[in-house]
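Reading the structure
Each chain, written out:
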Amino acid sequence: MDHAIAAADFVADDAHAHWHDQALWFIRAKRDKCVHGLPEWEELRDRAAAIKQHTISHLADYLEQFERNATRLGAVVHWARDAAEHNAIVHGLLRERGVRRIVKSKSMLTEECGLNPYLESHGVEVVDTDLGEWIVQLRHEHPSHIVLPAIHIKKEEVGELFHRELGTDKGATDPTYLTEAARQRLREKFLAAEAGITGVNFAVAETGGFVVCTNEGNSDLGTSLPKIHIASMGIEKLVPRLSDLGVFLRLLARSATGQPITAYSTHYHGPRPGCELHIVLVDNGRTNLLASEEFRNSLRCIRCGACLNTCPVYRRSGGHSYGVTIAGPIGSIINPARDAEKHHSLPFACSLCGSCTDVCPVKIDLHSQLLAWRKHIVARKLMKSSKRRLMWFAGAVLKRPRAYAAAGRVARTALRIAPRWLVYNRFNPWGRQRELPTPPKQSFRDWYSRNETRNE
Amino acid sequence: MPSSRERILRDIRQHLPVDAALPSHAGKWTRYEDPTQQFLNVLSSVGGVGKVVAGHLPLREEIYCLVDQLEARQICSVLPEVIPGNVDMAAIDDPHDLAAVDLAILPGELAVAENAAVWVTGAHVPQRVAYFLSQHVVLIVPADRIVNNMHEAYDWLHREAGAGGPFASPRWGTFMSGPSKTADIEQALVIGAHGARSLHVYLTT
C-alpha cells in the first residue's frame, strides 16, 4: 500500500480534486470563524490536553472506576483486546437475543473493527444511519473522512445512487430532496430495528456514563426505539469528571465543522427501564500506542477531523488514498503504530507544514510525530529501495560542502542545456505535474562571495 | 488464562506515563451581557426559532399558532396546563407508538447562551424518543434558567442534583441545539435529517 500510488486516480481528475480541496477548506474556514469568536480558545486547548494527559497517566484506574459506575447504573461492560473479540462480543449479544436487524450510528471504531461485514456474514442486517455513512454503505465503500464520510462524493452521484436504491426521480440532485428520501427510508429502518449500535465520543469515569454527539439525531433514534443499545468505545475515550465535558463539548464541534455544538449531545447513564445497555471497551492496538513514549500523545485524539480538513495532502489526495479507516495526519500516526510495514508510506504523505498541529484541539504535536515516524521507517528499512538509494545519495552530497557546490554547478548547467526528454521522464516523478524552475546562472554562494569582498 | 479485562489493564499498567496533574475548571470563560439575546441569536443561526414569552396565555397563543402553521394533527404534550395535546404519552408503553406524532411540546431544563443548547431529560417525559421522533418539537424553558457557557451548565447540573451528582441513578440527558440537520451531501445544509424538522424554544417568564 503506497499513498502516492493510491492517490494517483484521485489526482488524475483535476476538477474533482480541486472541488474536494475547496469543500474541505470551506470547513476549515468555518472552524476558524467559530474559533476566533471565542477568546478562551487557547486556554480550552490547554485544559483539554492536560485533562487527556492526566487521564492517560491513570488510565487503568479510570477504566475500573468507569466500569464500576456503569455497572452500578445497570449497564453491562465488556472488554475486547482486538477487533475480532469486539465483533464476537457484539455478535454474541445479538445472537443470544435473536436480533436480525440493527441500526448503527457513526462509529469509527466499528469501522476499524470491520463490524459491518462480520455481522452481515452472520445474517444480521446492519444499516448505517448517518446520512453520509449510509451513502458510502450503499456504494459499498468506506468513509473517506472520520466526520464527513461522503465528502468525496458529488450530489449527482448521490442522486444516481438514490434513484437506483430508493427510486428518487432520475437526475434529481437537490440535497434537500435527496435527504428527505433518505429520512423516509431510514425512519422505517429505525422503527424496525431490534438493536442500536453507537460509538462513544466521551465516557466519564466518575459517573459511568458516556456522551454521543450527532447533528442528525440518528444515534438518539437508534437508542430510544429498540430495547438493546450496544456502545463500542476505544479505551482512550475516557475523561475523569462530568464537568470535563464542558471543555470537550466546547472544542469538538467547533473544531470539526465550525458549529458551536452538535445538534444532539446525549448523555447515556444506564439503560432505559426494561431495556439493556452494553458497553464494549476496546483496546485493538491502543495499549501499544500507550507503550510508545514518542507516539502516546496521539491517544488524546477526540476524532474531530480538524487535522484532515486543514491538511494540504489530505485535501488534494482524498481519504481513500490512505487505505485505512482513519486517514489524514492523525491516521498517518496511529496506523503505522499498528502495522508499520503496511502503512510505511503514510508519514510521508505530509509536507510537514504543521497546520494540523495548529488546529488540533487537544494539542497533539502531529507534524513532529509524523517526522519521528519517518525516522523509524527509514531505520527499519521499510522505505522503497529506490527512494532509500536516492536519500543516501542526497545525504552523501549534502554533508560534503565541496560535493554540494560541485553538484549545484553541474545541475545549473545541465538543466539549461539538457533536452526536455532527459529531464522530464519516468525517473523524475516530481516533474510529472510540475515544471522545474529555470536555474540561475550563479549560485547564492558565488554571488555572496563576490559581493562580500566588494563591500569591505 | 487471564481474561481480556485483566490483560488490557495489565498492559496499561505496564506502560503508564508519569503522572500528569488534573487541571481545575475555574477560568475566565466568556460571559454575555445579555445571555438571553445571545441564546436567541445562536439558536436562529443553528436553524431554530426562539422567543421570550410572558405568561401562559401568550404561550398558548404562540403554540396554537404553530399548530395551525404546521398543520399538526397528532400532538403530544407533557405540559397540559399550556396545551392539552391528543397523544397521551403516559398511556404508552412502546416508544414506537409515538411514530405518528407531528408536534411534541416538551420541557427543557436549562438554556446555554453560548451555543443555544437546551438540556432535556426524562424527568417529566416517560418516552425519551418523543424528543427525537416527533416531526416538530417545542421546548419550554423557564427564562431564568439560562447560563453563559457549558462550564456553567455542568455546574448547574451538579448544584441541582446535590450530593450524589446528576447521574446517581440511571438517567439520560441531551443538550439539544437547534433542529436535526445534515450537510452530508456536498456540504449543503439541510434541516430535518432524522430528528425534529423544526425546533421552537420558548423562554417563559
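What you see is a predicted model; the values in this text were computed from it and never measured.

Quick look at the overall build of chain B now. Of regular secondary structure, chain B possesses 5 helices and 11 strands. Going through the 205 residues of chain B one by one, you find that 46% of them count as buried. In chain B, the proportion of contacts linking residues at least 24 apart, taken out of those at least 6 apart, comes to 70%.

As a further point, take the overall build of chain A. Scanning chain A from N- to C-terminus turns up 23 helices and 10 strands. Along the longest, intermediate and shortest principal axes, the C-alpha atoms of chain A span 90 × 55 × 45 Å. When burial is assessed residue by residue, chain A has 48% of its 456 residues classed as buried. Look at the contacts in chain A between residues 6 or more apart in sequence, and 74% of them connect residues 24 or more apart.

Further remarks concern the interface of chain A and chain B. Facing 72 residues of chain A, the contacting portion of chain B comprises 63 residues. The element best represented in the side of chain A that touches chain B is helix α4 (residues 41-57) of chain A, accounting for 8 residues. By residue class, the composition of the side of chain A that touches chain B is 37 nonpolar, 22 polar and 13 charged.

The next thing to look at is unusual backbone geometry. Trans is the common state for peptide bonds, and a negative phi is the common state for residues other than glycine. Unusually for a residue other than glycine, Leu352(A) sits at a positive phi of about 60°. Its place among the elements puts Leu352(A) in the loop between α17 (328-338) and α18 (355-359). At Gln187(B), a position not held by glycine, the phi torsion is positive, near 60°. For Gln187(B), the position within the fold is in the loop between β9 (181-182) and β10 (190-191). A count of 17 C-beta atoms within 10 Å places Gln187(B) in the partly exposed class.

All right, on to the pairing of strand β9 (residues 264-269) of chain A then. Along β9(A), 6 of the 6 residues are buried, which leaves the element largely enclosed by surrounding structure. Residues Tyr264(A), Thr266(A) and Tyr268(A) of β9(A) are buried on one face, and the alternating residues Ser265(A), His267(A) and His269(A), pointing to the opposite face, are buried as well. Here strand β6 (residues 209-214) of chain A runs beside β9(A); their pairing, made up of 5 bridges, is antiparallel. Across the sheet, Val211(A) pairs through a bridge with His267(A), a residue of β9(A). Pairing of β9(A) with strand β8 (residues 171-176) of chain B, which is carried by 6 bridges, proceeds in the antiparallel orientation. Of the residues in β8(B), the one forming a bridge with Ser265(A) is Phe175(B).

The next point concerns the environment of Ile230(A). All names here are of chain A. Along the polypeptide, Ile230 turns up in strand β7 (residues 228-234). Residue Ile230 is classed as buried on the basis of its 25 C-beta neighbours within 10 Å. Through-space distance from the C-alpha of Ile230 to that of His278 is 4.7 Å; in sequence the pair is 48 residues apart. The residues touching Ile230, leaving out its near neighbours within four places in the chain, are Val90, Leu93, Ala195, Ile197, His278 and Val280.

Another aspect to go through is the environment of Ile364(A). Residue and element names in this part refer to chain A. Within the secondary structure layout, Ile364 lies in the loop between α18 and α19 (366-379). Residues Ile364 and Ala414, spaced 50 residues apart in sequence, show a C-alpha to C-alpha distance of 44 Å. Beyond its immediate stretch of four places on either side in the chain, Ile364 contacts Asn297, Ser298, Arg300 and Cys301.

Moving on to the nonpolar core. Residues Phe210(A), Phe248(A), Val118(B), Ala130(B) and Leu139(B) are the most contacted members of the largest nonpolar core, which totals 175 residues. Here this core takes 8 residues from helix α13 (residues 244-257) of chain A, the largest share from any one element.

All names here are of chain B. With respect to topology, 5 strands assemble into an open sheet ordered β1-β11-β6-β3-β2, the strand pairing being parallel. Each having just a single partner strand, β1 (49-53) and β2 (75-77) make up the two edges of the open sheet. Direction aside, neighbouring strands of the sheet carry axes that sit 15° apart on average. Pairing of β2 with strand β3 (residues 103-107), which is carried by 3 bridges, proceeds in the parallel orientation. Counted as the bridge partner of Ile75 is Leu103 from β3.

Our next topic: the packing of α17(A) against α19(A). When two helices pack together, their arrangement is given by the angle between the helix axes and by the axis-to-axis distance. All names here are of chain A. In the contact formed by α17 and α19, the axes pass within 9 Å of each other and the chain directions differ by 40°. As summarised for this structure, α17 and α19 are arranged oblique, according to the angle between their axes. Handedness of the α17/α19 crossing: left-handed. On the side of α17, the interface is formed by Pro329, Ile330, Ser332, Ile333 and Pro336, while α19 contributes Leu366, Gln369, Leu370 and Trp373. Of the residues that constitute the contact of α17 with α19, the class distribution is 7 nonpolar, 2 polar and no charged.

Further remarks concern helix α1 (residues 4-14) of chain B. All buried positions along α1(B) are accounted for by Ile8(B), Leu9(B) and Ile12(B). Looking down the long axis of α1(B), one finds its buried residues gathered within 95° of arc, a one-sided arrangement. In this structure, α1(B) carries Glu6(B) and Gln14(B) as exposed residues pointing more than 90 degrees from its buried face. Lining the buried residues of α1(B) we find α5 (59-72), β1 (76-80) and α14 (286-291) of chain A.

We now examine the sheet that holds β6(A). Spatially, the 8 strands line up as an open sheet ordered β8(A)-β5(A)-β6(A)-β9(A)-β8(B)-β5(B)-β4(B)-β7(B), and their pairing is mixed. Across the chains shown, the open sheet's two edge strands, defined by having one partner strand only, are β8 (238-239) of chain A together with β7 (146-147) of chain B.

Interaxial distance between α5(A) and α1(B) falls to 8 Å at its minimum, and their mutual angle equals 150°. Considering their axes alone, α5(A) and α1(B) lie roughly antiparallel with respect to each other. Of the residues in α1(B), those touching α5(A) at Leu59(A), Ala60(A) and Leu63(A) are Leu9(B), Ile12(B) and Arg13(B). Across the contact of α5(A) with α1(B), the residue classes tally to 5 nonpolar, no polar and 1 charged.

Turning next to the confidence of the model for chain B. On average, residues of chain B score 95 in pLDDT, and 100% of them are at 70 or above. Scored as a complex, the prediction yields pTM 0.95 and ipTM 0.97.

All names here are of chain A. Under the 1.5 Å per step criterion, the end-to-end length of α4 is 24 Å for 17 residues, consistent within 8% with the ideal 24 Å. Every buried residue of α4 is accounted for by Leu44, Arg47, Ala48, Ile51, Lys52, Gln53, Thr55 and Ile56. Against α5, β8, α13 and α14 lie the buried residues of α4.

All names here are of chain A. By the secondary structure assignment, His91 is in helix α6 (residues 83-96). Taking the C-beta count within 10 Å as the criterion, His91 has 17 such neighbours and is therefore assigned partly exposed. Put simply, His91 and His122 are 31 residues apart on the chain and 8.2 Å apart in space, counted from C-alpha to C-alpha. Excluding residues within four positions of it along the chain, His91 makes contact with Tyr118, Leu119 and His122.

Thresholds, definitions, all that
- Residues numbered from 1 in each chain as written.
- Chains lettered and ligands numbered in written order.
- Predicted model: local features only at pLDDT ≥ 70, side-chain atom pairs only at ≥ 80, totals over all residues.
- Helix = DSSP H or I, 4+ residues; strand = E, 2+ residues; numbered from the N terminus.
- Buried ≥ 20, exposed ≤ 12 C-beta atoms within 10 Å, placed from the backbone.
- Contact = placed C-beta atoms within 7 Å.
- Nonpolar A, V, L, I, M, F, W, Y, C, P; charged D, E, K, R; others polar.
- Pairing = 2+ DSSP bridges.
- Core = buried A, V, L, I, M, F, W, Y, C linked by C-beta atoms within 7 Å.
- Axes fitted to C-alpha atoms, helices over the stretch in contact; angles between N-to-C directions.
- Parallel < 35°, antiparallel > 145°, perpendicular 65-115°, else oblique.
- Left-handed = near helix turned anticlockwise from the far one by under 90°.
- Arc of directions from axis to C-beta.
- pLDDT = per-residue confidence, 0-100.
- Expected span 1.5 Å × (residues − 1).

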